[in-house]
Amino acid sequence: MTTTSHEKVGAYSTNQRTQENSRQTDARALLSCASRLKSVLDAGGADMEVYIQAVRHNQRLWTLFQVALCDSDNPLPRDLKITLLNLSRYVDRVSFRAIGAFEPQLLSSLIDINRMIAAGLSVRQSTEISPPPAEVATSGAAVVMTTA
């Protein structure tokens, strides 16, 4: 039986920690993938199976983001959705190349992307807090990718 993308997004949402909002869950998932990729990179991709699993796991997360971003109920501004979808296309291309040509050095790019987006998601949104610097504000705009 094949699991649809919507079922995967539903499972992702169901498994969110009860004390977390979706921004925190997205950030935690991105950092978890980044950590897994970093471990593989540090090992030089020595275990090919672990290497492939780490890259695919990260790519599956970004696929969930793609589905959520394409949902008509997603509250993000259209321009931000397009930017994040373009970024996810880049993640796909790099992932395919990292696996197909076995280029562990490409994992650094995926790690950096995940960490930057997670940092942006971790910026507190409040009227009481002064706006973050411009470079963080751009990342901070990547709010609630999986919330519809």
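Within the largest apolar cluster, 30 residues are counted, with the highest numbers of intra-cluster contacts made by Leu-30, Leu-37, Trp-62, Leu-107 and Ile-117. Those elements that provide at least two residues to this core are helix H2 (22-42), helix H3 (48-70), helix H4 (78-100) and helix H5 (107-122). Among the elements that make up this core, the one with the highest residue count is H3 (eight residues). Other than its neighbours up to four places away in sequence, Trp-62 contacts Leu-30, Leu-84, Leu-87, Ser-88, Val-91, Ile-113, Asn-114 and Ile-117.

Turning to the packing of H4 against H5, a few remarks are in order. The contact between H4 and H5 brings their axes to 9 Å, and the two run at 150°. Here H4 lies roughly antiparallel to H5, going by the angle between them. In the crossing of H4 with H5, the sense of the turn from one axis to the other is left-handed. In this structure, H4 contributes Leu-84, Leu-87, Tyr-90, Val-91, Val-94, Ser-95 and Ala-98 to the contact, and H5 contributes Leu-107, Ser-109, Leu-110, Ile-113 and Ile-117. Class assignment for the residues of the contact of H4 with H5 results in 10 nonpolar, two polar and no charged.

Before going further, it helps to spend a moment on unusual backbone geometry. Even without being glycine, Phe-102 reaches a positive phi, approximately 45°. Among the secondary structure elements, Phe-102 is positioned in the loop between H4 and H5.

Reading the values: rules and limits
- Residues numbered from 1 in each chain as written.
- Predicted model: local features only at pLDDT ≥ 70, side-chain atom pairs only at ≥ 80, totals over all residues.
- Heavy atoms only, no water.
- Core = buried A, V, L, I, M, F, W, Y, C linked by side-chain atoms within 4.5 Å.
- Buried < 20%, exposed > 50% of the residue type's maximum accessible area, 1.4 Å probe, protein only.
- Helix = DSSP H or I, 4+ residues; strand = E, 2+ residues; numbered from the N terminus.
- Contact = heavy atoms within 4.5 Å.
- Axes fitted to C-alpha atoms, helices over the stretch in contact; angles between N-to-C directions.
- Parallel < 35°, antiparallel > 145°, perpendicular 65-115°, else oblique.
- Left-handed = near helix turned anticlockwise from the far one by under 90°.
- Nonpolar A, V, L, I, M, F, W, Y, C, P; charged D, E, K, R; others polar.

Read these as layout, nothing more, since geometry by itself doesn't imply function.
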